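Results of the structural survey
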Amino acid sequence: IVVFARPEMGKTLLVCNMAAGFLQQRLRVLYIGNEEPIQDTYLRMVSRLTGLTRHEIISNPREAEELAQQKGASNLFMSSMSPGTLPRIESLAAKVRADVIIVDQLRNVQVKNENFTQALEQAAKGIRQIGKRCNAVTISVTQAGDSAHGRAVLDMGDIDSSNTGIPAQ
């Protein structure tokens, strides 16, 4: 799955909601964050799992953590990788036996390629191959290009710097 939209449109919110659903099904979720601070994303995830507000979580972290664990947070593995590499992602996915691998953001995965468009395709292809080898669902987050500005419905040509490469993966 590739989630893409313009900046600040709720991509991370969407994948947090997806992750919460997977966790409630008792699936093992690996969340690779390489853009926002992982602590902020974890707080968002706990809020989504528990229904508690940020203020309620901060006011009573022990209770929030206990409730999150009851809702499946023990199967959540979060790693901050900035920028992150395909071998490191695969190693961690294998170690935690991930059922679902979320990479937020694909464009920040480091691959050896001078051309940005080819690097994006190589990263997308690598994540797909990791999912296949680990028997895991993969969800990659990336940006939509300028062509997506102001549009409610996007197509594969709207992925930033990748009209075919990322969508093909």
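Before reading further, recall that the structure is shown in the block above.
Conventions and cut-offs
What you see as residue numbers is a count from 1 along each chain, following the sequence as written. The predicted origin of the model limits local features to residues at a pLDDT of at least 70 and limits the giving and counting of side-chain atom pairs to 80 or more, whereas totals for whole chains, interfaces and linings rest on all residues. Excluded from the side-chain calculations are hydrogens and water; all other atoms, namely the structure's heavy atoms, are used. Here a strand is any run of E in DSSP of at least two residues, a helix any run of H or I of at least four, and the numbering for each starts at the N terminus. With the radius of gyration taken over C-alpha atoms, the globule rule is written as 2.2 Å times the number of residues to the power 0.38. Between two residues, a contact is recorded if the distance between any of their heavy atoms is within 4.5 Å. Residue-level accessible areas treat just the shown protein chains as cover; the underlying method is Shrake-Rupley with a 1.4 Å probe. Here, the term nonpolar core denotes a set of buried Ala, Val, Leu, Ile, Met, Phe, Trp, Tyr and Cys residues that are joined through side-chain atoms within 4.5 Å. Note on classification: 1.4 Å probe, protein chains only; a residue is buried when its accessible area is under 20% of the maximum for its type, exposed when over 50%, partly exposed between these limits.

1. Re the overall build of the protein chain
Of regular secondary structure, the protein chain possesses seven helices and five strands. Its helices and strands in sequence order give the protein chain the pattern β-α-β-α-α-α-β-α-β-α-β-α, from N to C terminus. Its C-alpha atoms give the protein chain a radius of gyration of 16 Å, near enough to 15 Å, the size a compact globule of 169 residues would have. A separation of at least 24 residues holds for 70% of the contacts in the protein chain among residues at least 6 apart in sequence. A total of about 9100 Å² of accessible surface is found on the protein chain, and carbon and sulfur atoms cover 49% of it.

2. Some thoughts on the nonpolar core
Judged by nonpolar contacts, the single largest core of 26 residues is most densely connected at Leu30, Ile89, Ile101, Val109, Ile127 and Ile130. Breaking this core down by element, the ones donating at least two residues are strand 2 (29-33), helix 5 (86-96), strand 4 (100-104) and helix 6 (116-134). The biggest single contributor to this core is helix 6, with seven residues. Ranked by size, the runner-up nonpolar core spans 24 residues in total, among them Val3, Leu23, Val29 and Val100.

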